[in-house]
Structures are given as structure tokens and as C-alpha cells.
Amino acid sequence: MAAAGENPFKSRVLDTLKIDSQDFKYYNLNNLNDSRYDRLPYSVRVLLESAVRNCDNFHVKEDDIEKIINWKDNQNNDVEIPFKPARVILQDFTGVPAVVDFAAMRDAVKRLGGDPQKINPVCPADLVIDHSVQVDVSRSADALEKNQELEFQRNKERFLFLKWGAKAFRNMLIVPPGSGIVHQVNLEYLGRVVFNQDGVLYPDSLVGTDSHTTMINGLGIVGWGVGGIEAEAVMLGQAISMVLPKVVGYKLTGELNSLVTSTDVVLTITKHLRQIGVVGKFVEFFGPGVSQLSIADRATIANMCPEYGATVGFFPADETSITYLKQTGRDEDKVKFIEAYLKANKMFRDFTNADEDPEFSQVVELDLSTVVTCVSGPKRPHDKVPVTDMKTDFQQCLDNKVGFKGFNIDPAKQADKQPFVFDGTEYVLSHGSVVIAAITSCTNTSNPSVMLGAGLLAKKAVDAGLCVPPYIKTSLSPGSGVVTCYLQESGVTPYLQKLGFDVVGYGCMTCIGNSGPLPEPISEAIEKGDLVACGVLSGNRNFEGRIHPLTRANYLASPLLVIAYALAGTVSIDFESQPLGTDADGKDIFLRDIWPSREEIQEVERKFVIPAMFKEVYSTIEKGEGNPRWNSLDAPDSLLYPWDEKSTYIKSPPFFETMSKEVSPVSGVSNARVLLNVGDSVTTDHISPAGSISRTSPAAKYLAGRGLTPREFNSYGSRRGNDAVMARGTFANIRLVNKFIGKAAPKTIHIPSGDQMAVFDAAERYGQEKTPLIVLAGKDYGSGSSRDWAAKGPFLQGIKAVIAETYERIHRSNLVGMGIIPLQFMEGENADSLGLTGKEVYNIVIPEDIKTKQVIDVKVDDSKSFKAVVRFDTDVELTYFRHGGILNYMIRRMLQD
């Protein structure tokens, strides 16, 4: 066996690839002379190449290569493998905490006698300041400028801190604010497809601190979301430890109806794959139907991967990928070596050639001709509703008991109407009234077909004399400046503006909960009438409390349908039989009269989405040219960050304050109380909301105590660099349902006193009493965004363990990363079936020689116990736990080097 640091495959596999007159080196996997390689899924080939190239018999061992190439046999055996992605991508809401942690780690290393400069990225990090502007101003020609000015005023300190990070940490590229949504910028500009590092070619691959990192899978790049904690370790050179995944082959056949959109396709696939069950698996698309889909269409499908639960939704590269690279202005020489490399290493596909189809763990199929126009909601992205059924479905939701598809509205009150006056005119709201209509989120704004489709529909609507009620909060937040270019060049921008869809900023915005306030007359009418008001958005998530506290029903829809429902003013409409309005002659105008065909849209796209636009928009992005506010920031040059004690945005976290050089013995949890007892599908938005800070919340009291007014509170997302705010914001979502309370509220019961209080206040009292805490949960705990504060916040509240029926992959990893024990009830059991009320005292015994996925006893009070699986899934995760978390482990490793 080769010594550590030497690659045993270098002499056997490293090869030369001549392109034009230039020679490149690459690890030629064909030189392994193993027939199993030709049958591997294309996504697994990327994992294999990384292992071969990075093999040093230390981080990556020779037998890891055998484990991967023997994927067919090993996929069912929970085989652990290492993976070193080529790069990391950060969005500033998660990038700020990462840079904060790095700064604090440097302080800790210095305190413990080490060299703080060792805390420095090894893996390239692309950080996009996707600052997710709040929609304070909409329906205004100058909305973009006003919103960006407000955003810069609010977040200047965060931007200064990130600019310091760009100077202090090498190998970190920061894309300044106003450039667009991180995932769209990644697709259009940052994605390399193939790296060329010192003349060595290898596949682009990445992990990102947002679950929708998977959008890049549409371009043939393997990438997925991880917690910010895990991403930090990758940036410091640590390999990801993962279980060799099963790969579900998703075969696309048939042809799309000319009236459906890629949004309809993705909502159909999302529901289908949720039903099949693909959590923790790779999904790889194949079949002749893939050839019909543009890269933007594929990226839309890949983007929703977290919503159908898979780790990746991968489309291998093909001729369409190469065409896209040229269309988006990539360098011609780079495109040449990208194509040549992929073909040489058998990573390039012809989807019409079934002989190239690899082996899969399972194959499922979708005939594209069966896809119909649809939306998803009112509370989950995989609850698909055909538009033809929407009126009936919404009525059923009013009737149903409270749940994912129910609001339990008294039949006697379902016809209630609430009048209000807006800008001097009286209007009426009822159940189903649309009050927010937003074309937002990278899922759709990266796709020219649906954006231009929305523009064409707007033009036809305006020409027919239709308008959107002025009280509806409409907004358009493109994912990059390229969208603005082709909307303007194609001539549809004035029509979008006429309907109220002005460009209000470049960021996630409404999709992440930054919808901004509703006008007071609207808010008062909704609350007075106790109405189920609606938001319609072209986003990817619609969990309760995410979009806006007052929109109890939220539907994901294509940009075209966002406009359609805004025109209708309600979701309780049958577009087939009910008109949107009338024209000047009194003739009824139906949706079918103004809906553009796929062929119409494609013709406009071919004409107006051109390479010059991408080159122009991205040519000055790295230097921040054209962004005078960013350029004017004068950031510190120091190695260590000069923390400001008075800052309410950037604060050194307390994670490492009591850390020692030595590892403490493994211990369980003794005499713990339950802080919360929650049910199924508790999302990271429930655990750590990103939206506005309620004036009555513990976080608001903290900020007010430091002299801030409610107008200055900003959002939880913007304050992720301050642990004091984020700890208080943990479990602060107003839609959180705690079984102790029995209704939606960010409250809990302190035991044994029985006092009802805010969750943070209860945690603080338990802390004063030196009582450790746990959480009881149902299925899919931690679904949604890959939000590291959903683990950091509970850690700071004193939570030592979570016991759930099942976990979302990234959140479980984040819990491990913070040293919180993820326990899982035995199959078929849960808190209710075991008779647990959550008011008991819990003792969790963790043996010193704990093994992966070991079954242990949890003792309840003095009389009974139950068994649970410790969800440390790999030996590396056990190592992290022993160190008290992944960041502690990294610091100790740096001290030893």
C-alpha cells in the first residue's frame, strides 16, 4: 500500500488528452480496465472519479474505489464512502454564518496555542451575496432602486463583514449584491462543468449551503445541499462521508402538450417521486424525453429535488448542455475541453440511445404527454392540484379538518366577505382571495420559457383590457440581470409592469418569506374576517408561515399562472367556465384566450435569449463594477475579525468558548425534559424561520433592549451572524404546532411548573435549572431548507437530543455537526404509540463504544423504557460526535497539524 499522500492510481490511470494543439492531463477511468464502470450510473461515475483522483490512502483509500465501482452489489449494504467535491457554493444567508464560524475558529485556535491562519479554505468557495431583498416597495417603476437602497442600508454591516472575509480567506470568490439568486448565478456563470487546474481536467462537483444547490444537476454537474456546518469542513479540506447511494432511474418518454410548462412537469415529478420514496437516494433522469427539455427545463426539475426528497436529481451532460454553455457566453476554448473530457471519460450522454443507459437500483417512468397544467398547495410543495380541479380542491380544504389539506372553516362562515377601502376605493375579500402574487425564486426565474411565457400572457391580458386588482401585492424578482435583458428586448416588460409585476430586486424574496408587509387595510380585513387569504408564487416552498403570516394558503405555480390568479383575484375559480374579466366590448375573456402556446414561447426565446446578454451581465460581476455601494465599502484587513460588542448583526458565537484541546469522554443525556413535542413535517422554517421578526418575540425584545425600533428589526435571515438573535428565533414560527399547546403558536409549557411561555424563555429557565432538553417529533423532521441555524439554535437552547420517526437528510447531518444526538423511534413506533406525553423525565444512555445505527434504550421516568436507533450513520459522524461537533473536530485537527 502506498504511503499517505501518494496516489497509487497516478501511474495506472493518469492519461493525456490532446485538444487542438494543447495537452491536458486527466484521470482516465477507462484505464481501470473494469467492465463494471460502463454500467455505473453517470452520477456515480463522478463519485468514482473524485475518489480515484484524491486517493492518498488517508482521506481516500484504495478500497474506497472498489466500494464505488462495485456499486451494483454495495448499494444495498450501507457502504460508507468519502467524497471530495471540487468546490463549495455559499449564499450569504448561510455564507455569513460560515464566515462568522471561521473567524471564531481562528480566535479559538489562537487561544489554544495554534496558528489561526490554518483556518483557511482549501476547497474553492463561491459566495454569492443573494441578499434576498424584502419586498417593501412593489408595483412601482422605481421599486428596484428603492428596495436595493433599503436593503443596503439594513445590511451594510453584513456586507462589510463578507468583504472582510474575501480579504481574510484565500480561495474565496464573492459575487456582490444585486447580481441575482445564487443558484441561477451558479447555473449561468459559476458552473464549470469541467475544471482545469494546472492542466489537469476533472469534473465540476459541489456542495452548497442551500438545499436547492441541486439546480446545478440540470447542467450535468453533481451537486447537493449540505448544512453550513458540513460545508465549512469541506472548505477546510475534509472529505464528506456518505453512504453509497441507491440510484433511481427516472425515464422520460412522450411529448409535452403545447400548453403545459416546465413548472407543470416539475410539480408532477415532485408528487410522483414523493409517492415512490426517494429520500437519501440519487435520482438520475434518462430516456428520449430528456432530449426535449432545455437546460433551463432540466434545472427547474433538478431545483425541486429537496421537495421530492432525493439527494440529487441528475441530468448527465449531452449536446444540449454544450449548446447552453455557448448560449450563456462561456469561453469557446473551455467549452472544447469540457466536451472532449466528458466524452473521453464516458460522462457524456445521448439520451436517444438506449445502449448508453446504465444500470439503476429502480426504474420509474413518466410519459410527458400525461402532464397537465397544475399548482401545488396549499401548504406543501408535493400536494399537486390540476388547475381544472382547483376550485373544488380549495373548497374541500375549507371543509377539511386542520392539516396539510385543511383549514376547518365553519360552513356558516365560508361565504363571509370582508369589505375594505384601498386608495379611496372599496373592495371585498373572501376566503380564497389572492393578496400576494409573486414571480420569484430560482426554480422558475432561471427558465426563459416560463418567464417569457408570463410576459406574453401579460401582453395578451393587457391588450384584452384585463387588469390586476391594485390591492394585490405583486412583484417580479428575477434570478439574474439576464432575465431583465431578455424581457426588455422581447418587448414584454411594459405589459408586466402594467399588471403590477415590476422588477423589485434580484433575490429569493417572497419565496424565502421576504414578502414584506401587506397594506394595513388588507391585513385588518384578513384578521377581522378570519379569512383564508392566499399567496400564489412561482417558488419552490409554501410551508405554513413561510410566505407571510396572513396568507394561510399558498400555492406554487408557473409564472403564467401567478399572473392568471392575480388577474382573477382568487384561487376559487374554474378557468374553464369562469372568465377572468371582460374586454372593452363586454365580451368575456377566458384564460384560454390569452394563454401562449409552447411553440409561441420557444420562437421568442430563440430570438431574444442570446449569448451577448450573459456576457454583458456577468463580465463585471467579480469586480463589482456597476455596484458603487459595494465598491465604497472599506472592510478591515486584519487576520482576526475585530468584533464589535455593540453589533446586533455580527457576533462571535459561543460555540468554542469552553472548548479544550482534549476530547471529553462520551456521555449520554440524564434527567432531560422535553422542550417541544411536535408532529409530522416540522420544517426548518418552523425550527428557524428566515422571515420577519415579530414585535412580540424574544428576538424583538432583545433588539429593542439594544435601542432598535421595530422598523430596524429586519429579518431572522439577515441576522444569522448574531447567535443571540438566532437562539431567540429558534422555534419562533407562529405556525409551529406544539402538542403541549394544541394550536399554532411559538409557545411551550415549562415542566413541572406548567407555565406557558415562549420557547426560548422556557429553554432559558431550563438552562438556569441545569436541565438538559430533548425534542420529540414525528416523520420528516427538519424537512425544507438546509438551514444550519435549525441545528445551531437548538444547541444554544440546551437541546441535547431529538427523538423522531424519520429525519430529512441534511437536517440530521446538521444535528450531528452540532453534537446533538439524532435518535429514531423503532419502525412502526412513535411518541403516541408508546404512550409518551412529553412530560416525563428522559435518560439516554450512550455507551462509550457506540456503533453506527446502534439500538439503545431510552429510559422514561423510573418505570418504563423504549428502544431507539442512534442515527450516527457513518464512522466519521461518530468521530464528530465524540468531539462535540464537526467544528470542534476541525479545530483540534488544525492544532495537531
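Residues numbered from 1 in each chain as written. Predicted model: local features only at pLDDT ≥ 70, side-chain atom pairs only at ≥ 80, totals over all residues. Heavy atoms only, no water.

Visitor: Talk me through unusual backbone geometry; I want residue IDs and the actual numbers.
Guide: Trans is the common state for peptide bonds, and a negative phi is the common state for residues other than glycine. The peptide bond linking Gly 377 to Pro 378 adopts the cis configuration, its omega dihedral lying at 10 degrees. Summarising the element assignment, Pro 378 is placed in the loop between β16 (374-376) and β17 (384-386). Here Asp 20, not a glycine, exhibits a phi torsion of approximately 55 degrees, which is positive. Among the structural elements, Asp 20 can be located in the loop between β1 (14-19) and β2 (22-27). Take Asp 20: its relative accessible area is 56%, and that puts it in the exposed class. We note that Asp 198 has phi near 55 degrees; this positive angle belongs to a residue other than glycine. (Helix = DSSP H or I, 4+ residues; strand = E, 2+ residues; numbered from the N terminus. Buried < 20%, exposed > 50% of the residue type's maximum accessible area, 1.4 Å probe, protein only.)

Visitor: Kindly report on the pattern of salt bridges, identifying the contributing residues and their values.
Guide: Evaluation of the coordinates by the stated rule reveals 43 salt bridges. Across the salt bridge formed by Lys 853 and Asp 78, the nearest N and O atoms sit 3.4 Å from each other. Here Lys 853, found in the loop between β32 (842-844) and β33 (855-860), pairs with Asp 78, found in the loop between α4 (71-74) and β3 (80-83); they are 775 residues apart in sequence, far enough to count as distant. Using a relative accessible area of 33% as the deciding quantity, one classes Lys 853 as partly exposed. Three or more residues joined by partner-sharing salt bridges are found here, namely Arg 87, Asp 126, Arg 192 and Asp 204. (Salt bridge = Lys/Arg side-chain N within 4 Å of Asp/Glu carboxyl O.)

Visitor: Explain the environment of Glu 527 to me, using residue names and the numbers behind them.
Guide: Here Glu 527 lies in helix α19 (residues 520-529). Along the primary structure Glu 527 and Ser 211 are separated by 316 residues, whereas in three dimensions their C-alpha atoms are 34 Å apart.

Visitor: Run through the packing of aromatic side chains, naming residues and quoting values.
Guide: Overall, the coordinates contain 27 aromatic pairs when judged by the stated rule. Relative to Phe 285, the ring of Tyr 250 lies with its centre 5.3 Å away and its plane at 55 degrees, an arrangement referred to as tilted. With Tyr 250 in strand β12 (residues 247-253) and Phe 285 in strand β13 (residues 282-286), the pair connects residues that are 35 residues apart, well separated along the chain. Taking the relative accessible area as the measure of exposure, Tyr 250 reaches 0% and is therefore buried. The exposure class assigned to Phe 285 is buried, which follows from its relative accessible area of 0%. An aromatic cluster is built from Phe 102, Phe 161, Trp 164, Phe 169, Tyr 641 and Trp 643, whose rings are joined through pairwise contacts. The lysine or arginine in question, Arg 45, covers the ring of Tyr 37, its NZ or CZ lying 5.2 Å from the ring centre. (Phe/Tyr/Trp six-rings, centres within 6.5 Å; stacked < 30°, edge-to-face > 60°. Lys NZ or Arg CZ within 6 Å of the ring centre and 35° of its normal.)

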